[in-house]
Amino acid sequence: MAWRGWAQRGWGCGRAWAPPAGGRSCEELTAALAPPRLLGRRFNFFIQQKCGFRKAPRKVEPRRSDTGTTGETYKRSALIPPVEETVFYPSPYPIRTLIKPLFFTVGFTGCAFGSAAIWQYESLKSRVQSYFDGIKADWLDSIRPQKEGDFRKEINKWWNNLSDGQRTVTGIIAANVFVFCLWRVPSLQRTMIRYFTSNPASKVLCSPMLLSIFSHFSLFHMAANMYVLWSFFSSIVNILGQEQFMAVYLSAGVISNFVSYVCKVATGRYGPSLGASGAIMTVLAAVCTKIPEGRLAIIFLPMFTFTAGNALKAIIAMATAGMILGWKFFDHAAHLGGALFGIWYITYGHELIWKNREPLVKIWHEMRTNGPKKGGGSK
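All values derive from a computational prediction rather than experimental measurement.

1. With respect to the packing of aromatic side chains
And step 1. The full count for this structure, using the stated rule, is eight aromatic pairs.
And step 2. A centroid spacing of 6.1 Å and a plane angle of 25° characterise the contact between Phe-341 and Trp-344, whose relative ring orientation is stacked. One end of the pair is Phe-341 and the other is Trp-344, both in helix H14 (residues 332-352) and three residues apart, which spans about a single turn.
And step 3. Taking relative accessible area as the criterion, Phe-341 reaches 10% and is therefore assigned buried.
And step 4. Judged by centre distance (6.2 Å) and plane angle (40°), the ring pair of Phe-341 and Tyr-345 falls under tilted. Placement of both Phe-341 and Tyr-345 in helix H14 is noted, with a separation of four residues, approximately one turn of the helix.
And step 5. A cation over an aromatic ring shows up here: Arg-184 above the ring of Phe-180, its NZ or CZ 4.6 Å from the ring centre.
And step 6. The ring of Phe-217 has Arg-184 sitting right over it, with the charged end atom 5.1 Å from the ring centre.

In structure tokens:
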């Protein structure tokens, strides 16, 4: 047969590969090594394969961020930066990789809500003082000569006219725009990939879980996320308040990234993630859970409306399907983690965490009232 003849010549047993004179031929070596019943030509192919080649030692190389566990090219989303030149090193024990992110998530969430409780205490305390300061400032402005074209005064006036929620969201949007501009600086590319993209295969695991929620490589990605945040900020701030909203938003970003870490380690699909989608999913899920009968619409199709409850069900279904099927355009695990955290917090978390902040506030009040004890001097 043609296949068998090609195999003999291709695997080192044809005339073109004959040994020097005086040496044993490949056929003789085969006859010497093979059992009598296996001397048929049917089995020569397998014996000749060992005769013709020697297996080369395997070279172990670090995993690159754009390759998967099977060596296939990682299909990068257009929303993340190019990482072809960045080498990541997945741990040989993937479960151990999640230990530090787990402690960071728990610790950061606790610090976020504790800081928010203290912030609310200080905010309430300063409102009375600011009221009297405002009266004094208005009286001084009435007797002070006014400057024409004072740009700083106009900015301050505009800022003071904003509500607490508008100030908070404006600060978040400004931070996202600033980080987006940093992505455009070529000399900062490696630093941005290292600290502003979350990846369980990276050497830096914890700080990117927070910094990546302010990071967007695509202008469309940032514009879409900030538009959704601006659309829902008034509802979520009215429900939670400014201080509690910030604690939930920052904690949601870290928690959603941890869920993404768990999914990537479990499936072996390592890759960088960035964006505020996980935290914004928490905001969206919280509002939809609190006001399920509210009417929503898609920005490009305003004529079609649907209830917030149905929108939440569709978001969870899509995120679950994307995580199971391995869709790579979005980080669906982070979306699902953020949405579930928003539902849990509105249903149980508010009662469990925020309403039990009184002991911490009392400790802070005593520290602020008593202050450091001064040592008594001799009379």
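2. Some remarks on the nonpolar core
And step 1. By size, the foremost hydrophobic cluster in this structure holds 62 residues, and its most contacted members are Trp-183, Leu-229, Ile-236, Phe-245 and Tyr-249.
And step 2. For this core, the secondary-structure elements that each account for two or more residues are helix H5 (99-143), helix H7 (164-183), helix H8 (189-195), helix H10 (219-240), helix H11 (242-267), helix H12 (277-290), helix H13 (308-325) and H14.
And step 3. The contacts of Leu-229, once residues within four sequence positions are left out, are Val-169, Ile-172, Phe-245, Tyr-249 and Ile-280.

3. Let's talk about the pattern of salt bridges
And step 1. Counted according to the given criterion, the structure contains three salt bridges.
And step 2. When the shortest N-O distance is used, the salt bridge between Glu-122 and Arg-368 registers 2.9 Å. You can see Glu-122 sitting in helix H5 and its partner Arg-368 sitting in helix H15 (residues 358-370), a full 246 residues away along the chain.
And step 3. Glu-122 sits in the partly exposed class, given a relative accessible area of 22%.

4. Some words on the UniProt feature "transmembrane region" (unreviewed entry) in the chain
And step 1. Per the UniProt annotation, the sites labelled "transmembrane region" (unreviewed entry) are residues 102-121, 165-183, 204-224, 244-262, 298-317 and 329-347.
And step 2. Across residues 102-121, the secondary structure splits into 100% helix and 0% strand, with the terminal C-alpha atoms separated by 29 Å.
And step 3. Note that residues 165-183 is 100% helix and 0% strand, and that its end C-alpha atoms are spaced 28 Å apart.

5. Topic: a nonpolar patch on the surface
And step 1. A cluster of nonpolar side chains, contributed by Met-318, Ile-324, Leu-325 and Trp-327, occupies part of the molecular surface with about 480 Å² of accessible area.
And step 2. Mapped onto the secondary structure, Met-318 falls in helix H13.

6. A look at the side chain of Gln-120
And step 1. Here Gln-120 lies in helix H5.
And step 2. Given a relative accessible area of 19%, Gln-120 falls into the buried group.
And step 3. For Gln-120, the side chain forms a polar contact with the side chain of Arg-357, separated by 3.0 Å.
And step 4. Not counting chain neighbours up to four residues away, the residues in contact with Gln-120 comprise Glu-243, Trp-354 and Arg-357.

Cut-offs and rules
Residues numbered from 1 in each chain as written. Predicted model: local features only at pLDDT ≥ 70, side-chain atom pairs only at ≥ 80, totals over all residues. Heavy atoms only, no water. Phe/Tyr/Trp six-rings, centres within 6.5 Å; stacked < 30°, edge-to-face > 60°. Helix = DSSP H or I, 4+ residues; strand = E, 2+ residues; numbered from the N terminus. Buried < 20%, exposed > 50% of the residue type's maximum accessible area, 1.4 Å probe, protein only. Lys NZ or Arg CZ within 6 Å of the ring centre and 35° of its normal. Core = buried A, V, L, I, M, F, W, Y, C linked by side-chain atoms within 4.5 Å. Contact = heavy atoms within 4.5 Å. Salt bridge = Lys/Arg side-chain N within 4 Å of Asp/Glu carboxyl O. UniProt positions renumbered as here; feature names shortened; annotations may be inferred. Patch = residues over 30% accessible without salt bridge, like charges linked within 9 Å, V, L, I, M, F, W, Y side chains within 5 Å. Areas by Shrake-Rupley, 256 points an atom, 1.4 Å probe, with all protein chains shown as cover. Polar contact = N/O pair within 3.5 Å; in protein donor to acceptor, adjacent residues only side chain to side chain.

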